[in-house]
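Report on the structure
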Amino acid sequence: MGHVSLASVQRMRIMLPLVRAVGTRVTQALLTVLGISVIIWGLLPLAPGDPALRLLQARGVQDPTAEQVAAVRADLALDRPLPVQYIEWLGRAVRGDLSVSYQTGRPVLEELGKRMPATLLLSGTALLLALVAALGGGLLCAAYAERWPDRIIRLLTQIGAAAPAFLLGLLVLRFVVVEFGVGRVLSGGQWQYVLLPAMCLAVSRAADWTQLLRASLLEALGAQYVLVAQARGATKLRLLWRYALPNAALPLLTAIGVGLGGLLGGAAIVEAIFTWPGIGSYVLEAISARDYPVVQGFVALIGLSYVTASLLVDLLALGLDPRLRTPRTA
Amino acid sequence: MSQPVVHCRDLHVRYANGAHAVRGVDFALAPGECLALVGESGCGKTTIARAILGLLPPNAQVSGEIVVGSHVISAAAPGLLRRIRGREIGFVAQNPFAACNPLDRVERHVAEAWHAHGQTPPPGRIGAMLRGLGIDRAAEQMRHYPHQWSGGMLQRATIAAAAAHRPALIIADEPTSALDADRADSTLAVLRATGAAILLVSHDIGVVQRHADRVAVCYAGRIVELGSSAEVFAHPRHPYTRALLAATPRTAQGLPIPLAGTPPRLTEAIHGCAFAPRCAFAQPACQHHDPPLHHGVACPVLYPPGGAPTINVAREPETLTPPKRAPHNKVLTPVVEARRVAQRYGRGLRAVHAVRAASLAVRPGEIVGIAGPSGCGKSTLLRLLATIETPSSGEVWLNGELTTRGGSQRLFSAMARNGFVMPIFQDPLGSLDRRWPIWRSLTEPLTAPQRMKRPDAHQRRAIARERLAEVGLAHLDLEARPDELSLGQCQRIAIARALIAEPRLLVADEPTSALDASVAAGILRFLADAAYSGTAIVIVSHDRSLLDILCDRVLTMEQGILS
Amino acid sequence: MKFSQLLTRQASMPVETIPPTRSLWRQLLQHREARVGLLLALFLVGLALGGPLLAPYDPNRPNYREKLAPPSVEHWLGTDQAGRDQLSRVLVGGRQTLGTALLILSLIFGIGLVVGSIAGMSGGIVDVVLMRLVDIVMALPSIVLAIAIVGVLGPGFQNLILALVVAWWAYYARLTRSYVLNARQRPDVIAARLAGIGWGRIMLGHVLPGVAAQLLIIATLDLGALIAAIAGLSFLGLGVQPPTAEWGAMLSDSRLYVAVAPWLLLGPLVPIFLVVVAANLLGNALRDILDPARC
């Protein structure tokens, strides 16, 4: 038995709860993904039409014979009980095989993959814009609480929170793009034109997050530790920046995790308005064409992104808040 | 005295809502002296402390003169105030966990004393300070976060931060309220060892008695008595001081005597002495005169301005007839009996043994007290006795019948669910449903299905009216919601609700901790009277003197073990 | 002096109470934001209810001679590409949109309340299973799930309702469950249990009013988002089908002609915006009043 140093035992004592905390969250995320997979798979049995027929047509067979259809049905295990179908589907999905698009016959993942970067660009820019606006707005409001900057920003957030992304998109498209010629109506997904759609997407998130940050900052500023820091001689700026903001960032982080879902979802509609070539507008085409595997793939991709993003946010919170990762040892 | 460390002259503080929180306060503190401001909630003591630091809300108006050392605080520019804070005046807050930024290590919290002024702490100084305050393995501990420290240790760390620049004055705002009794003394000792003059704000008479040099008793924004701690406690002169000491278990002779009435509303002008409406010695002159401190007492009848005492200082105020105590009959079946009950939460290595093999029997009319530090399992034991929880092992018998049993033959009988045992909780507001009018909360036990005659709404209101009168709330609006009432009123309603079920057992978990002494004394009276009527009472409290006065027996609990 | 005399003396002293405003309505009226929200809400609900009666023209009747006419005295909001009067369509569409939103909200409210209560009260395996279900549904953004469901089942009014209810109920269930779990440990509930009151009456009297208030706040704030979702889905062609007048569908129609007929855009857009603003104002006001003052 080797010599186990005291230091390494102590390191283990500190690491163990952290490892446990991370492990729990990752396990939960994996279970959730499994649960989502049931919903995603479930979309296909719900859909009208015969998947085998559609599949053959997608591969270019115009008038499939009964034997061909029967063969494909056996292939896809469509005559077996539902749970078995699910397992088979899951097995294929885990290996990346999400079936093929009924329209083009190409693998769904490949089609979505081509258009994913555009959506990521749009959502990512929107996230960035919303964060910057929320941080700036929230800090200003807290620093000048109840004075005119606070009032103006609060009024703006009231309006902004009530402006759904797609309304803004329509307005902006009509009055800014068409009237003033800023940007292009039929953008090709290039980054030069991402600003306008991203702003429309970001506005309602920014408004929510600004309000939340403002409230969290004011609450933190009213806490005992801020009073004590003030009694030690800290300046107002220091109190806001070093004490209030880190503590207010934690609830904001949680809200961002939740709001990401709205960003990903709202992106689909904004893409439709601005004809932004992302997976959102693609899935809308697919829906009109009754291309169900694409719909499944879309939900799968968005679902996975959302769960991953939430997990990252959770782990970030774990890193920032020592109370979550170390138990009370006193 | 030599140059005082801090000097207040005719200090007035008015808040934005019109409340005149401090109405002319004068005092001075000598170097190294400890002056305690005592009083009940709303008396202005915290406001005075904050005013000296300049930490009142921005729209509070301060008039009068405050001088700290050579600086005139009351007329100081914000920049000067900021430089003085932390360097010449230290501050210790009530709750050490709330006082530390939970995201910062303890080391950082202490270092703030330097960082706030743009300086860095001398290397090794923080570790040395913490070691000096009795924190062992300081170098390792200070890298931990506040939630990993115990309350007592963390409060010492905040004292280290407060005393970092060796200020001449330290203001301690209820430094021991959030700590256990044994920690309180060591905390104050540490505070005094810093050598600074201490302005101690506290409502804990015991701590003040043991550690303060001088005492200032505050009422309705004024200091009504000021003198050496020994003198004030041995020979209190002002009627309010005497009433306060008579209401505090530690200093009362026998069961504490409650004080009727409430302090005046500070939003309205007060004519004459603020205490007159409640004063046993009141004379007509008290309505017009409100003199400043004269011989250390501000009372128009004891020491009228420019005259000799008009009434005999030594005269005792009227006393209260002590409650009747029933003789105990050892033959009666115990109302509740716990046989080696234990409670364990969680499993395996991480299990928490809240209660270990406790045995206890309580007979009708008996009052049993359980004392112990926080976290020792008192509340869990109470829940086991009330059969709110089933023990993990052991048995609980109610009225001679087995009610709950833990272990392999788990048993839970709903026998207790008929008002046999009723609870009293620490938080008076939380005890009542916030949306319900008080008549509804009060008479709720009467609507239990097992009861023969269940009154309708009209009858319930009438019954509520009667019961409220029994607890001194005869003219209270029946439709009032708990948020509209004071804590003392809510607790009295909670007791009335508990008693309306005619329980054989009352379990009270810190029933007076949230209340002022003058109000708490009344609660204790109700409990004593209920015991006389035959109800057994088990009461948990951190205040040992309260338990000694009220209870027939006091048991101590430590880490789950009852003795 | 006897204790009873002290009590009488106590009772005769003036009691310090804060003058209450107990009625919820009055509190709403005193709240500045709530007043504006209530006014807006009243106006909009009035329009929605009276829609068909107030509409000057038949909203579905085409009149190709007057197509794409700008706002005028005969047509306050102009006409669309089939010559249908916009004002009439907005008024009737309001009923459609608002009615659908309220219907969906009621269903969500009910399902969330029931599921959350069952989970909270049962504990054990039932709780675990239900909460796992909630977690899974919440792991997908509501709009995405709604689009997928409607996309697969096909557009139409019933599928729209089904999709949105399935996508939205989970949060309410989770809120209800945590409230119920918390309430089981509350002192007033414990006191009621010890007094012999049964769980059913405790739920009805102590727990449900509180949780309903919480859900009401969330529901009011969600109304705006839900209307946006309904309008959005209809805009994408996944909701109400033509020729039914509905604000989202009208927005979709307006896209093609937006360059030449901007009034087609503003007609339905302004009321959507106003409804969302009103819902937000009322929701914020309700939150200020109902929580944290009460629980």
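Counting starts from 1 at the beginning of each chain's written sequence and moves along it residue by residue. Chain labels run from A onward and ligand labels from 1 onward, assigned in the order the entries are written. Side-chain atom pairs in this predicted model are given and counted only at pLDDT of 80 or more, local residue features only at pLDDT of at least 70, and totals for whole chains, interfaces and linings cover all residues.

**Here's the deal with helix H4 (residues 106-115) of chain B**
The line we're drawing: Between the buried cut of 20 or more and the exposed cut of 12 or fewer other C-beta atoms within 10 Å of a residue's own C-beta lies the partly exposed class, and all C-beta atoms are placed from the backbone. Under the scheme used here, helices are H or I runs from DSSP no shorter than 4 residues and strands are E runs no shorter than 2 residues, and both carry numbers assigned from the N terminus. Remark: residues whose backbone-derived C-beta atoms lie within 7 Å of one another are considered to be in contact.
With seven of ten residues buried, H4 of chain B lies mostly within the body of the structure. Taken as a whole, H4 of chain B has its buried residues at Val 106, His 109, Val 110, Ala 111, Glu 112, Ala 113 and Trp 114 of chain B. The secondary structure elements touched by the buried residues of H4 of chain B are helix H9 (224-231) of chain A together with helix H5 (125-132) and helix H7 (151-162) of chain B.

**Considerations on the interface of chain B and chain A**
Quick note on the threshold: Note that Gly is not counted as nonpolar here; it falls among the polar residues with everything else outside the nonpolar set of Ala, Val, Leu, Ile, Met, Phe, Trp, Tyr, Cys and Pro and the charged set of Asp, Glu, Lys and Arg.
Counting residues at the interface gives 26 residues for chain B and 23 residues for chain A. Of all the secondary structure elements, the ones that give two or more residues to the side of chain B that touches chain A are helix H2 (78-84), helix H3 (96-99) and H4 of chain B. Split by residue class, the side of chain B that touches chain A holds 14 nonpolar, seven polar and five charged.

**Some words on the nonpolar core**
Going by this rule: Note on terminology: a nonpolar core is any set of buried Ala, Val, Leu, Ile, Met, Phe, Trp, Tyr and Cys residues joined through C-beta atoms within 7 Å. Reported domain spans reflect what an automatic or database domain assignment gives.
Counting 356 residues, the largest nonpolar core has Val 295 of chain A, Leu 169 and Leu 527 of chain B together with Ala 146 of chain C as its most contacted members. Each of domain 1 (6-234) and domain 2 (336-562) of chain B contributes no fewer than three residues to this core. Aside from chain neighbours lying at most four places away, what touches Val 295 of chain A is Leu 43, Val 283, Ala 286 and Ile 287 of chain A together with Ala 148, Gly 151 and Val 152 of chain C.

**Section: the packing of helix H11 (residues 279-288) of chain A against helix H12 (residues 292-320) of chain A**
Packed helices, taken two at a time, are described by the angle between their axes plus the distance between the axes. All names here are of chain A. Which entries qualify depends on this criterion: Every angle, taken between N-to-C directions, lies between 0 and 180 degrees, and every axis is a line fitted to C-alpha atoms, over only the stretch in contact when it is a helix. The labels follow the angle: roughly parallel below 35 degrees, roughly antiparallel above 145, roughly perpendicular from 65 to 115, and oblique for the rest. Each crossing gets its handedness from the near helix: less than a right angle anticlockwise from the far helix is left-handed, clockwise is right-handed.
In contact at an axis separation of 9 Å, H11 and H12 are set at 150° when each is read in the N-to-C sense. Considering the angle they form, H11 stands roughly antiparallel to H12. Every pair of crossing elements has a handedness; the one defined by H11 and H12 is left-handed. Counted together, Ile 279, Val 283, Ala 286 and Ile 287 of H11 and Val 294, Val 295, Phe 298 and Leu 301 of H12 form the full contact between these two elements. A per-class count over the contact of H11 with H12 returns eight nonpolar, no polar and no charged.

**Points about the sheet that holds strand E15 (residues 401-405) of chain B**
Consider a sheet: its strands pair through backbone hydrogen bonds, and that pairing is either parallel or antiparallel. Residues and elements named next belong to chain B. Worth spelling out the cut-off: Strands qualify as paired when DSSP identifies two bridges or more between them.
The strand order E12-E11-E14-E15-E16 describes an open sheet built from five strands, whose pairing is antiparallel. Looking at strand neighbours, the two that pair on one side only are strand E12 (352-362) and strand E16 (411-412), the edges of this open sheet. Where strand E14 (residues 393-398) lies against E15, four bridges are found, and the strand directions are antiparallel. Bridged to Trp 397 within E15 is Leu 402. On the sheet, helix H12 (residues 378-385) packs against strand E11 (336-345), E12 and E14 and is oriented at approximately 125° with respect to E11.

**Some words on the environment of Trp 169 of chain C**
Residue and element names in this part refer to chain C. The topology assignment puts Trp 169 in helix H7 (residues 157-184). The spatial distance from the C-alpha of Trp 169 to the C-alpha of Leu 113 is 9.1 Å, given a sequence separation of 56 residues. Here Trp 169 is in contact with Ile 108, Ile 111 and Gly 112, once residues within four sequence places are set aside.

**Section: the pairing of strand E19 (residues 536-540) of chain B**
Residue and element names in this part refer to chain B. Put simply, the rule is: Here the term right-handed applies to a crossover when the path leading from its first strand over the helix to its second strand runs clockwise, the strands being oriented away from the viewer.
The buried fraction of E19 amounts to five of the five residues, a majority that puts the element mostly inside the structure. Of the two faces of E19, the one holding Ala 536, Val 538 and Val 540 and the one holding Ile 537 and Ile 539 are both buried throughout. Two strands pair when backbone bridges link them, and strand E13 (residues 367-371) and E19 are joined in this way by four bridges, in the parallel orientation. Bridge pairing in E19 places Ile 370 opposite Val 540. Note that strand E18 (residues 505-509) and E19 share five bridges and pair parallel. For Ala 508, the partnering residue across the bridge sits in E19 and is Ile 539. Chirality of the crossover, the property in question, places the unit of E18, helix H17 (residues 517-532) and E19 among those that are right-handed.

**Digging into the interface of chain C and chain B**
Taken together, the contact between chain C and chain B spans 33 residues of the former and 47 residues of the latter. Of all elements in the fold, only helix H1 (3-12), helix H8 (187-195) and helix H9 (199-235) of chain C reach the threshold of two or more residues within the side of chain C that touches chain B. The element that contributes the greatest number of residues to the side of chain C that touches chain B is H8 of chain C, accounting for eight residues.

**Re the environment of Leu 145 of chain C**
Take Leu 145 of chain C: it is sitting in helix H6 (residues 142-153). Other than its neighbours up to four places away in sequence, Leu 145 of chain C contacts Leu 140, Val 166 and Ala 167 of chain C.

**Digging into helix H11 (residues 263-290) of chain C**
Cut-off, in case you're wondering: To estimate the expected span of a helix, count its residues, drop one, and scale the result by 1.5 Å.
Taking 1.5 Å of rise per residue, 28 residues should cover 40 Å, and H11 of chain C covers 40 Å from first to last C-alpha, within 8% of that figure. Most of H11 of chain C sits out of view: 21 of its 28 residues are buried.

**Considerations on the domain arrangement of chain B**
It is common to report an interface's size as the accessible area lost on association of the parts. Residues and elements named next belong to chain B. When cut into domains, chain B gives domain 1 (6-234) and domain 2 (336-562). Facing six residues of domain 1, the contacting portion of domain 2 comprises eight residues. Across the side of domain 1 that touches domain 2, the residue classes tally to one nonpolar, two polar and three charged.

**Some words on the pairing of strand E17 (residues 421-424) of chain B**
Residues and elements named next belong to chain B. With burial as the criterion, each face of E17 is covered, one bearing Val 421 and Pro 423 and the other bearing Met 422 and Ile 424. Two elements, E17 and E18, share four bridges in a ladder whose sense is parallel. Each residue of the ladder has a partner; that of Met 422, found in E18, is Leu 506.

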